Amino acid sequence: MIAPVPDFAFSRRGRSARLVAMVAIWLASLAGMGLYFHAAPLLLGALFLPLLPALWELWLDPLSCLHLTEERINWKTGSQEAGARLCEISKVRFDTRWDFSVRVTLILTSGDKLRLPPQVLPPHHMLENALQLRGVQTERHHFTVF
């Protein structure tokens, strides 16, 4: 008799030290441009706009998680929650993009595709190994253009 594979769980918070550091660097750069270079307020305002989603993420601190059992894969991020039974998954496709991020797509036996949100993804090798231990076929595609 084969021993059951333990559940695989991964979670991350939206508020991280990396995000805090990046926001601090961006704000310091804006302050430096304003004080040292006397940049126009309109330019500083325009350069402040990309910072708003990061500030919102810091404020909300959402929990993103992925849970893989013998029978199901479930994920939750913010208000989005979904999952699928492993027997309904034909294969899982791992696409490495040009920015070296990995996009994970569940291809179901019905032909439908479910893309996992990037917030819930653990390091892709860990997820790929956990899926293969449960008998799910995986596919790797590196640097596809389309």
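The model shown is predicted, which means the values in this text are computed figures rather than measured ones.

Caption draft 1: Expanded view of the side chain of Thr77. With respect to the element layout, Thr77 can be found in strand E3 (residues 72-77). Looking at Thr77, the relative accessible area reads 9%, which means it is buried. Once residues within four sequence positions are removed from consideration, Thr77 is found in contact with Leu63, Ser64, Pro117, Gln119 and Val120.

Caption draft 2: Broad picture of the sheet that holds strand E6 (residues 102-108). Spatial ordering of the open sheet is given by E7-E6-E5-E8, a layout of four strands whose pairing is mixed. Edge positions in the sheet fall to strand E7 (113-115) and strand E8 (138-142), since each has one partner strand and no second. Taken pair by pair, the neighbouring strands of this sheet meet at an average axis angle of 25°, ignoring direction. Of the strand pairs in this sheet, strand E5 (residues 89-96) and E8 are connected by five bridges, and their pairing is parallel. Bridge assignment links Arg93 to a residue of E8, and that residue is Glu139.

Caption draft 3: How the structure looks around the sheet that holds E3. Pairing is antiparallel in the open sheet, where four strands are placed in the order E1-E2-E3-E4. Looking along the sheet, the strands with just one partner apiece sit at the ends: strand E1 (8-13) and strand E4 (80-85). Averaged over all pairs of adjacent strands, the angle between strand axes in this sheet comes to 5°, irrespective of strand direction. Pairing analysis gives six bridges linking E1 to strand E2 (residues 63-68), with the strands arranged antiparallel. Bridging from a neighbouring strand, Arg13 pairs with Leu63 of E2.

Procedures and definitions
Residues numbered from 1 in each chain as written. Predicted model: local features only at pLDDT ≥ 70, side-chain atom pairs only at ≥ 80, totals over all residues. Heavy atoms only, no water. Helix = DSSP H or I, 4+ residues; strand = E, 2+ residues; numbered from the N terminus. Buried < 20%, exposed > 50% of the residue type's maximum accessible area, 1.4 Å probe, protein only. Contact = heavy atoms within 4.5 Å. Pairing = 2+ DSSP bridges. Axes fitted to C-alpha atoms, helices over the stretch in contact; angles between N-to-C directions.

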